[in-house]
Amino acid sequence: MNSVRIIGGEWRRRVLRFPDSIGLRPTPDRVRETLFNWLGQDLRGLKCLDLFAGSGALGFEAASRGASQVVMVDNEPKVLAALEANASQLQAGDRLRIVRADAVKFASLPDSAGGPFDVLFLDPPYRKGWVERLVPLLDNLLDEEAALYVEAEQALEGCGEWQTVREGRAGQVYYHLMRKR
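Here goes a summary of the coordinates provided. (Residues numbered from 1 in each chain as written. Predicted model: local features only at pLDDT ≥ 70, side-chain atom pairs only at ≥ 80, totals over all residues. Heavy atoms only, no water.)

1. Side note on the sheet that holds strand E8 (residues 158-159)
For step 1, the next point in the chain: The strand order across the open sheet formed by eight strands is E5-E4-E3-E6-E7-E10-E9-E8, and the pairing between neighbours is mixed. Looking along the sheet, the strands with just one partner apiece sit at the ends: strand E5 (96-100) and E8.
For step 2, the next point in the chain: When strand E9 (residues 162-170) meets strand E10 (residues 173-180), the two strands line up antiparallel, connected through eight bridges. Bridge pairing in E10 places Thr164 opposite Met178.
For step 3, the next point in the chain: Against the sheet, helix H1 (residues 29-39) makes contact with strand E6 (117-122), strand E7 (142-152), E9 and E10, and its axis sits at roughly 15° relative to E10, the strand it touches most.
For step 4, the next point in the chain: Helix H2 (residues 57-64) contacts strand E3 (47-50), strand E4 (69-74), E5, E6 and E7 of the sheet and is inclined by roughly 170° relative to E4. (Pairing = 2+ DSSP bridges. Helix = DSSP H or I, 4+ residues; strand = E, 2+ residues; numbered from the N terminus. Contact = heavy atoms within 4.5 Å. Axes fitted to C-alpha atoms, helices over the stretch in contact; angles between N-to-C directions.)

Okay, here's the thing in structure tokens:
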């Protein structure tokens with residue numbers, strides 16, 4: 001099993017374990033630290049969606065920092081089992097909801113998604129066209145004042161009506177914080 005640690009909040013320093021899976025790349029500590037500096041350290045009252053949960057690093061980090069609800073979506077059985085085990089170990093209770101679903105199908109059903117969300121973490125497998133397929137569905141998922149976080153293999157000016165307001169690069173990972181124009 002691979003591991004990543006939570007860097008802030010209630011579960012700071014706790015270790016999350018996750019299996020090898022094709023395309024799974026946990027967001028590095030340094031990038032998560034930057035992201036949560038951009039978003040603010042205290043996410044109390046916010047609803048977050050981690051659409052390609054993978055290791056769970058972003059979703060668990062948001063819950064650790066007080067998000068009232070975090071929905072974590074993935075479609076890989078081994079990954080989902082690890083997410084469930086980590087949620088149980090952290091005694092996350094009803095703050096976390098783990099859903100097995102295809103990201104596009106889940107995003108196209110906003111009533112079952114539990115939105116609108118205040119923050120969407122979008123870190124899909126690279127070079128598969130996921131971001132492009134999800135752009136038309138963002139308005140169904142997100143509140144007007146929401147923050148959209150996107151990791152990609154290239155720099156992005158925006159996603160549809162969502163414009164990059166902060167960005168960075170760590171190795172081959174480009175990361176972006178976007179807000180609606």
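2. Section: the pairing of strand E2 (residues 15-18)
For step 1, the next point in the chain: Burial of E2 is one-sided: the residues Leu16 and Phe18 facing one way are buried, the residues Val15 and Arg17 facing the other way are not.
For step 2, the next point in the chain: When strand E1 (residues 2-5) meets E2, the two strands line up antiparallel, connected through four bridges. Bridging from a neighbouring strand, Ser3 pairs with Arg17 of E2. (Buried < 20%, exposed > 50% of the residue type's maximum accessible area, 1.4 Å probe, protein only.)

3. Section: the packing of aromatic side chains
For step 1, the next point in the chain: Summed over all chains, the structure comprises four aromatic pairs.
For step 2, the next point in the chain: A ring pair is formed by Phe36 and Phe121, whose centres lie 6.1 Å apart and whose planes are at 50°; its orientation type is tilted. Highlighted residues: Phe36 in helix H1 and Phe121 in strand E6, separated in sequence by 85 residues. Taken individually, Phe36 and Phe121 each receive the classification buried, so the pair is uniform in this respect.
For step 3, the next point in the chain: On the numbers, 6.4 Å between centres and 70° between planes, the contact of Phe121 with Tyr149 is edge-to-face. Taken together, the positions of Phe121 in strand E6 and Tyr149 in strand E7 put the pair 28 residues apart, joining distant regions of the chain. The burial state of Phe121 is the same as that of Tyr149; both residues are buried.
For step 4, the next point in the chain: Three or more aromatic residues joined by ring pairs form one cluster here, namely Phe36, Phe121 and Tyr149.
For step 5, the next point in the chain: Of note, Lys47 hangs over the ring of Phe117, and the distance from its end group to the ring centre comes to 5.8 Å. (Phe/Tyr/Trp six-rings, centres within 6.5 Å; stacked < 30°, edge-to-face > 60°. Lys NZ or Arg CZ within 6 Å of the ring centre and 35° of its normal.)

By themselves, these observations are geometric and do not establish any function.
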